[in-house]
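Chain residues, written in single-letter form:
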Amino acid sequence: MDLTHNTLDVEQIKLDFPIFSRSILGKPITYLDSAATTQKPKTVIDAVNYFYENFNANVHRGIYKISQEATEAFESARSKIAKFINAESSSEIVFTKNATESINLVTYSWGRKNVFEQDRVVLTELEHHSNLVPWQFLSKENKCELDFIPVNKDGKLSEVHFDNIAKKNTKLLGVTQVSNVLGTINPVKEMVKIAHECDAVSLVDAAQSVPHMPVDVQDIGCDFLVFSGHKTLGPMGVGVLYGKKELLEKMDPFIYGGDMIKSVSKTESKWNDVPWKFEGGTSSVADAIGLGAAIDYLNKIGLDRIRAHEIEVTDYALKELKDVEGVDVYGPKDPNEMGGVISFNLADIHPHDLASILDEEGIAIRAGHHCAMPLMEKLDVSATARVSFYIYNSKSDVDLLIKGLRKAKQVFKL
Amino acid sequence: MSSEIYRDKILESYRHPKNYGSIDDAQIKVKESNPLCGDDMEMHLKLDADNKVSDIKFTGRGCAISIASASMLTELVKGRSLEELRSMDKQELLQKLGIDSLQLNPVRIKCALLSLKTLKVGVVSHLGQQLSAEEVNVLENEE
């Protein structure tokens, strides 16, 4: 990796990712689906392998050498993550399976004990199902009300409706920092401030932001923040919940069993300290260590540079897409106001057909509702095609995409 | 898969599907969806005195393959009995579509079979029955 230049050397970066040495039907892989999951650099794969080959042991309990090494590596990954998102301490970092589980943890452990009839949970119309369905469960279970900040035609949240948050009975604001469908960057800091004015707790879904731009939990001021390891160059199977310590300490556990206790009698148990209180059973230790390696990799490049790179590629893609007759782009259309995610449709070609035709060219895009069916309804479409960019994508990937779109038009006789 | 499957016949049926619409006094009204992609389909069947299909119409949102498949399926089944519909082989529909199941990846085969699944679900529930797990697997291309 060349660190002397400000712009990313994508060709050099690609060499760090074994998957890009593969070709399918003689064509290289053009991967435009990082919003679904990112590819993994060799250093991450190696870190996972290294764990299993050298100090595979259970954590927090062994007296012997390799168990101590495993515990140290696991806890060091936790500190890396804390530092990465500027948490006050690593005790505020809980390892989960993924962002979805992190949100479920908050719903079960905090929501069920704090949000009741007459209370409100305020979400936005941009949420992924992962930050909607758990709250639907809570509203059935505890009879609380769900309310939504609407999204405007331009794909941005309607700021005049931010007043919706500021009601006395609002108990929680749940908002995604970057939309996984439209790429919209939401003003989470401002929204969290409004939530705090009415003593509501705030949860930020950072699955699409933490991998792509500098995220500082103390600057945002949120009470909870979640993200997934596998969308952050890390392995599948590990996710993160950040929670303010005083809140985590007041909450009940989520998963009961071993490792999350201090002492157990036949009828009662004393919970472990945070964050381990929330990590019942053996964690995905190797994956957490892999995520630590992913964060090392990201830090080496620098999140500011990654953000700048994505703005550049997105800007180029938006301009090129404009030149393809029949393309309809949804969302903000200003690369400075969005992550590297573009949703669009091409004439009357259904996104699935489009994705199939692009697949023949080795181009991987997403087609469907992107786990955001209420937003699709709002956009009045049943599905969109979505491309998403990351550090291993360049303008030449955009060129291949555009070529693929022109081919799709030919196939559909347009 | 190959984009060769998007033959004129499929594109024509996608853009101008046959039997698109609804039948108010249909005896069978059924809705199915593919939860993976959000595509949905509704089918209405009118039966004559012998319990044979006298008319069939569908509406739906979906890709070229699923809409073309529904259009062709509605053309195939007029005059057939409910028992014939229940035992209808998916290969008959795929053949009509000109799709070789080896040519299309398994996810897209599901698009091609959504119409047949909708039809069969409607027929068996009209008969007061349910599709067996095996029948569902066949229609979801998971046999």
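Small disclaimer: the values here were computed from a predicted structure and weren't measured.

Counting secondary structure elements, chain B contains 6 helices and 3 strands. Taken from N to C terminus, the helices and strands of chain B fall in the order α-β-β-β-α-α-α-α-α. Computed over its C-alpha atoms, the radius of gyration of chain B comes to 14 Å, within 12% of the 15 Å expected for a compact globule of 143 residues. For chain B, the C-alpha atoms occupy an extent of roughly 45 × 35 × 25 Å along the three principal directions. Relative to its 143 residues, chain B shows a buried fraction of 41%. Across chain B, the fraction of contacts at a sequence separation of at least 24, relative to all contacts at a separation of at least 6, is 63%.

A tally of regular secondary structure across chain A gives 13 helices and 17 strands. Projected onto its principal axes, the C-alpha coordinates of chain A cover approximately 70 × 55 × 35 Å. Counting over 414 residues, chain A shows a buried share of 52%. Pairs at least 24 residues apart make up 70% of the contacts formed inside chain A by residues separated by at least 6 positions.

What follows concerns the interface of chain B and chain A. It is common to give the size of an interface as the accessible area that goes away when the parts come together. With 14 residues of chain B at the contact, the number on the chain A side is 15 residues. Here the residues of the side of chain B that touches chain A are counted per class, giving 7 nonpolar, 4 polar and 3 charged.

Strand pairing in a sheet relies on backbone hydrogen bonds. The paired strands run either parallel or antiparallel. Residue and element names in this part refer to chain B. The 3 strands are arranged E1-E2-E3 in an open sheet whose pairing can be described as antiparallel. Of all the strands in the sheet, just strand E1 (28–34) and strand E3 (53–61) have a single pairing partner and so form its edges. The average angle at which neighbouring strand axes cross in this sheet is 15°, direction not considered. Bridge analysis of E1 against strand E2 (residues 39–47) gives 7 bridges, and the strand direction is antiparallel.

All names here are of chain A. Core analysis: the biggest nonpolar cluster contains 161 residues, and Val226 and Ile289 have the highest contact counts within it. In terms of residues, this core owes the most to one element, helix H9 (residues 285–301), which gives 10 residues. The residues that make up this core include at least three from each of domain 1 (10–31 + 302–407) and domain 2 (45–299). Residues within four places of Val226 in sequence aside, it is in contact with Ala99, Ser102, Ile103, Asp205, Ala206, Ala207, Gly239, Val240 and Leu241.

This part covers the sheet that holds strand E7 (residues 170–176) of chain A. All names here are of chain A. Across the sheet, 7 strands lie side by side as E4-E10-E9-E8-E7-E5-E6; this open sheet has mixed pairing. Unpaired on one side and paired on the other, strand E4 (93–96) and strand E6 (145–149) mark the two borders of the sheet. With direction set aside, neighbouring strand axes in the sheet form an average angle of 20°. One ladder, built from 5 bridges, connects strand E5 (residues 120–124) with E6; its direction is parallel. Pairing of Leu123 across the sheet is with Phe148, part of E6.

Let's shift gears to unusual backbone geometry. Residue and element names in this part refer to chain A. For the bond running from Val274 to Pro275, omega is 5°, close enough to zero to count as cis. Positionally, Pro275 belongs in the loop between strand E12 (269–271) and H9. Phi angles above zero are rare outside glycine, and Leu25 is one such case at about 50°. Residue classification places Leu25 among the exposed residues on the basis of 8 C-beta atoms within 10 Å.

All right, on to H9(A) then. Residue and element names in this part refer to chain A. Its 17 residues give H9 an end-to-end C-alpha distance of 25 Å, which sits within 8% of 24 Å, the value for a rise of 1.5 Å per residue. Within H9, 13 of the 17 residues are buried, leaving the element largely enclosed by the surrounding structure. Downstream of H9 by one or two residues, Gly302 has phi in the positive range, about 100°.

The next thing to look at is the domain arrangement of chain A. All names here are of chain A. When the domains of chain A are assigned, the result is domain 1 (10–31 + 302–407) and domain 2 (45–299). Computed over C-alpha atoms only, the centres of domain 1 and domain 2 are separated by 28 Å. Contacts between the two partners involve 23 residues from domain 1, matched on the other side by 22 residues from domain 2. Of all the secondary structure elements, the ones that give two or more residues to the side of domain 1 that touches domain 2 are helix H10 (303–322), strand E14 (341–346) and helix H12 (373–379). Residues of the side of domain 1 that touches domain 2, tallied by class, amount to 12 nonpolar, 5 polar and 6 charged.

Turning our attention to the environment of Asp205(A). All names here are of chain A. Checked against the element boundaries, Asp205 lands in strand E8 (residues 201–205). Under the C-beta neighbour-count criterion, Asp205 is labelled buried, with 32 such atoms within 10 Å. Once the C-alpha coordinates of Asp205 and Phe227 are considered, the two residues, 22 residues apart in sequence, prove to be 6.5 Å apart. Not counting chain neighbours up to four residues away, the residues in contact with Asp205 comprise Ala99, His128, Asn131, Thr176, Gln177 and Val226.

Moving on: the pairing of E5(A). The two faces of a sheet get side chains in turn, since along a regular strand they alternate between them. All names here are of chain A. Taken across its 5 residues, E5 has 5 buried, putting it largely inside the fold. Across the two faces of E5 the burial is the same, with Arg120, Val122 and Thr124 and Val121 and Leu123 all buried. Assessed by its sense of winding, the connection that carries the chain from E5 through helix H5 (residues 133–142) to E6 is right-handed. Examined bridge by bridge, E5 and E7 share 3 bridges and lie parallel to one another. Its bridge partner lying in E7, Val122 is registered against Leu173.

Basis of the calculations
- Residues numbered from 1 in each chain as written.
- Chains lettered and ligands numbered in written order.
- Predicted model: local features only at pLDDT ≥ 70, side-chain atom pairs only at ≥ 80, totals over all residues.
- Helix = DSSP H or I, 4+ residues; strand = E, 2+ residues; numbered from the N terminus.
- Rg over C-alpha atoms; globule rule 2.2 N^0.38 Å.
- Buried ≥ 20, exposed ≤ 12 C-beta atoms within 10 Å, placed from the backbone.
- Contact = placed C-beta atoms within 7 Å.
- Nonpolar A, V, L, I, M, F, W, Y, C, P; charged D, E, K, R; others polar.
- Pairing = 2+ DSSP bridges.
- Axes fitted to C-alpha atoms, helices over the stretch in contact; angles between N-to-C directions.
- Core = buried A, V, L, I, M, F, W, Y, C linked by C-beta atoms within 7 Å.
- Domains from an automatic or database assignment.
- Expected span 1.5 Å × (residues − 1).
- Right-handed = clockwise from strand over helix to strand, strands pointing away.

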